[in-house]
Amino acid sequence: MDWKLEGSAWETKSHMLLGQECLLEDIGEDDVSESFQLLQIDMECESQERGSLPTGSVTWCSKNVQRKQKHWEKIVAAKKSKRKQEKERRKANRAENPGIRPQHSKRFLRTLTKERLLEAKHSGPRLCIDLSMTDHMSKKELSRLAGQIRRLYGSNKKADKPFWICLAGFSRDSPLYEECLRMNDGFSSYMLDITEEDCFSLFPLETLVYLTPDSEHALEDVDVNKIYILGGLVDESIQKFCNDNPGVYQIDSALLSAVCSL
């Protein structure tokens, strides 16, 4: 009997202790929850304050970032001022000299050059570069020839009435082609024809005119119905057999007037 009473008393104390522990745990959880709520409120306030700052504020930027940003703004402003001054200068020049041709944009000039070259392709005149003799040339001579092709193409596309250029006897796996790619930027996009056929089998013989310093006839006018041929050969490597083509094929020859004046 006493044992039962003691057991029931022990159970009562145990329930009281458990109740107190639960109460303490509840109070602790509430305190922790309240602390987290206060922390969340502080963070929200800080976020709102940061979001309320103006867009151009530098409060959150380091001095190094601010210095770089100011330097960049100065560069942009200087460029804008320079473009504005250049525009005003061109406008003043046009007003003082109305007879001078206006300067066009690079995009316009590229389009105009393309149209002129395509017109020459369809209606002439045509210029064929005979590259069938490159097998007899050294590496140094091929490099010089590649440079001459670049200068010829550049000068031709700037002309008001350009020729349509054809590189005949020219193989894409030849040393000269590799040298042209190496020395001439954008060579693969040149607006011209490239063929492995020689010019004498590519065009009718009666339309060919071989431009050579050995001709007795000076070229005075350009006929759009003719195909003018230039020998792709560096001067220092001229050989006798290279000048036999016009005689063998019985075609016309001519001497450039520029050569006659020298």
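Just above, that's the structure.
A brief structural summary. (Residues numbered from 1 in each chain as written. Predicted model: local features only at pLDDT ≥ 70, side-chain atom pairs only at ≥ 80, totals over all residues. Heavy atoms only, no water.)

A short note on helix α4 (residues 139–158)
A rise of 1.5 Å per residue sets the reference length of α4, with its 20 residues, at 28 Å; its end C-alpha atoms lie 29 Å apart and thus fit the reference within 8%. Within α4 the residues assigned to the buried category are Glu141, Leu142, Ser143, Leu145, Ala146, Gly147, Ile149, Tyr153, Gly154 and Asn156. Each element contacted by the buried residues of α4 is listed here: α3 (106–123), β2 (164–168) and α5 (175–183). (Helix = DSSP H or I, 4+ residues; strand = E, 2+ residues; numbered from the N terminus. Expected span 1.5 Å × (residues − 1). Buried < 20%, exposed > 50% of the residue type's maximum accessible area, 1.4 Å probe, protein only. Contact = heavy atoms within 4.5 Å.)

A closer look at the pairing of strand β1 (residues 126–130)
With 4 of its 5 residues buried, β1 lies for the most part within the structure. Examined bridge by bridge, β1 and β2 share 5 bridges and lie parallel to one another. Within β2, the residue paired with Ile129 across the bridge is Leu167. Handedness of the crossover is the feature at issue here: the chain leaves β1, passes through α4, returns alongside β2, and the resulting connection is right-handed. (Pairing = 2+ DSSP bridges. Right-handed = clockwise from strand over helix to strand, strands pointing away.)

Here's the deal with the state of the cysteines
This structure, assessed with the given rule, holds 0 disulfides. Here Cys166 stays free of any disulfide, with the sulfur of Cys128 as its closest cysteine sulfur at 4.5 Å. Judged by relative accessible area, Cys166 falls into the buried class, the value being 6%. (Disulfide = S-S within 2.5 Å.)

Focus on the packing of aromatic side chains
Throughout the structure, instances matching the rule amount to 7 aromatic pairs. Ring geometry for Phe170 and Tyr177: centres 5.6 Å apart, planes at 55°, overall tilted. Both residues of the pair, Phe170 and Tyr177, belong to the buried class. Ring centres of Phe200 and Tyr210 lie 6.2 Å apart, and the angle between their planes is 0°; on these two criteria the pair is classed as stacked. Here Phe200 is found in helix α6 (residues 199–202), whereas its partner Tyr210 is found in strand β4 (residues 208–211), with 10 residues between them in sequence. Of the two residues, Phe200 and Tyr210, both sit in the buried class. (Phe/Tyr/Trp six-rings, centres within 6.5 Å; stacked < 30°, edge-to-face > 60°.)

A closer look at the pattern of salt bridges
Per the counting criterion, the structure on display carries 5 salt bridges. With its nearest N and O atoms 2.3 Å apart, the salt bridge here joins Glu86 to Arg89. Linking Glu86 with Arg89, this pair stays in helix α2 (residues 63–96), spanning 3 residues, or about one helical turn. Owing to a relative accessible area of 41%, Arg89 belongs among the partly exposed residues under this scheme. With a closest N to O distance of 3.5 Å, Asp160 and Arg116 form a salt bridge. In this pair, Asp160 is assigned in the loop between α4 and β2 and Arg116 in helix α3, connecting sequence segments 44 residues apart. (Salt bridge = Lys/Arg side-chain N within 4 Å of Asp/Glu carboxyl O.)

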